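Topology and contacts: notes
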Amino acid sequence: MSKICIITKKKPLFGNNRSHAMNATKKKFLPNLHKKKFWIANKNKFIKLKISTKGIRIINKYGIEKIISKIKKK
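These remarks concern the structure in this document. (Residues numbered from 1 in each chain as written. Predicted model: local features only at pLDDT ≥ 70, side-chain atom pairs only at ≥ 80, totals over all residues. Heavy atoms only, no water.)

Glancing now at the layout of surface pockets. There is about 180 Å³ of room inside the largest pocket. Around the largest pocket, the lining residues are Ile6, Ile7, Lys9, Ile58, Ile67, Lys70, Ile71 and Lys74. Looking at the lining of the largest pocket element by element, the count peaks at three residues for helix H2 (residues 64-73). (1 Å grid on protein atoms, 1.4 Å probe; cavity = no way out; pocket = protein on both sides within 12 Å on 5 of 7 lines; lining within 4 Å. Points joined across faces, edges and corners; volume = space filled by probe spheres on them. Helix = DSSP H or I, 4+ residues; strand = E, 2+ residues; numbered from the N terminus.)

What follows is the structure in structure tokens.
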């Protein structure tokens, strides 16, 4: 499965892990993703989304129906 948030489009970043001696080793910074079910009232069913915690906050602010309509337009 891809590690990309459906709403915010956050994806893994790559960089260096630095030790105290400033040795550099490659590191992958993963987004904080969660699998969450949301209830859609007009369709009377649940929908599963893989979203970041920022995406959950956006859904709480605007509502799931409005966010899904924006995703479908794009």
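When two helices pack together, their arrangement is given by the angle between their axes and by how far apart the axes lie. Direction vectors running N to C along helix H1 (residues 53-62) and H2 enclose 115°, while the axes themselves pass 7 Å from each other. Packed against H1, whose contacting residues are Ile58, Ile59 and Tyr62, the element H2 presents Ile64, Lys66 and Ile67 at the interface. Partitioning the contact of H1 with H2 into residue classes produces five nonpolar, no polar and one charged. (Axes fitted to C-alpha atoms, helices over the stretch in contact; angles between N-to-C directions. Contact = heavy atoms within 4.5 Å. Nonpolar A, V, L, I, M, F, W, Y, C, P; charged D, E, K, R; others polar.)

A separate point is the environment of Lys50. Along the chain, Lys50 turns up in strand E4 (residues 45-52). We classify Lys50 as buried; its relative accessible area is 18%. In this structure, the C-alpha to C-alpha distance between Lys50 and Lys37, residues 13 residues apart in sequence, is 8.9 Å. Within the structure, Lys50 has its side chain in polar contact with the backbone oxygen of Ser2 (distance 3.0 Å). (Buried < 20%, exposed > 50% of the residue type's maximum accessible area, 1.4 Å probe, protein only. Polar contact = N/O pair within 3.5 Å; in protein donor to acceptor, adjacent residues only side chain to side chain.)

Taken as a whole and judged by the stated rule, the model has one aromatic pair. Over the face of the ring belonging to Phe38 we find Lys36, whose NZ or CZ atom lies 5.5 Å from the ring centre. In this structure, Lys37 is placed above the aromatic ring of Phe46, and the distance from its NZ or CZ to the ring centre is 4.9 Å. (Phe/Tyr/Trp six-rings, centres within 6.5 Å; stacked < 30°, edge-to-face > 60°. Lys NZ or Arg CZ within 6 Å of the ring centre and 35° of its normal.)

Bringing a positive patch on the surface into the picture now. A grouping of Lys9, Lys66, Lys70, Lys73 and Lys74 is seen on the molecular surface, where their side chains present a positively charged patch. With respect to the helices, strands and loops of the structure, Lys73 is situated in helix H2. For Lys73, a relative accessible area of 74% corresponds to the exposed category. (Patch = residues over 30% accessible without salt bridge, like charges linked within 9 Å, V, L, I, M, F, W, Y side chains within 5 Å. Areas by Shrake-Rupley, 256 points an atom, 1.4 Å probe, with all protein chains shown as cover. Salt bridge = Lys/Arg side-chain N within 4 Å of Asp/Glu carboxyl O. Lys, Arg positive; Asp, Glu negative; His and termini not counted. Charge placed at Lys NZ, Arg CZ, Asp CG, Glu CD.)

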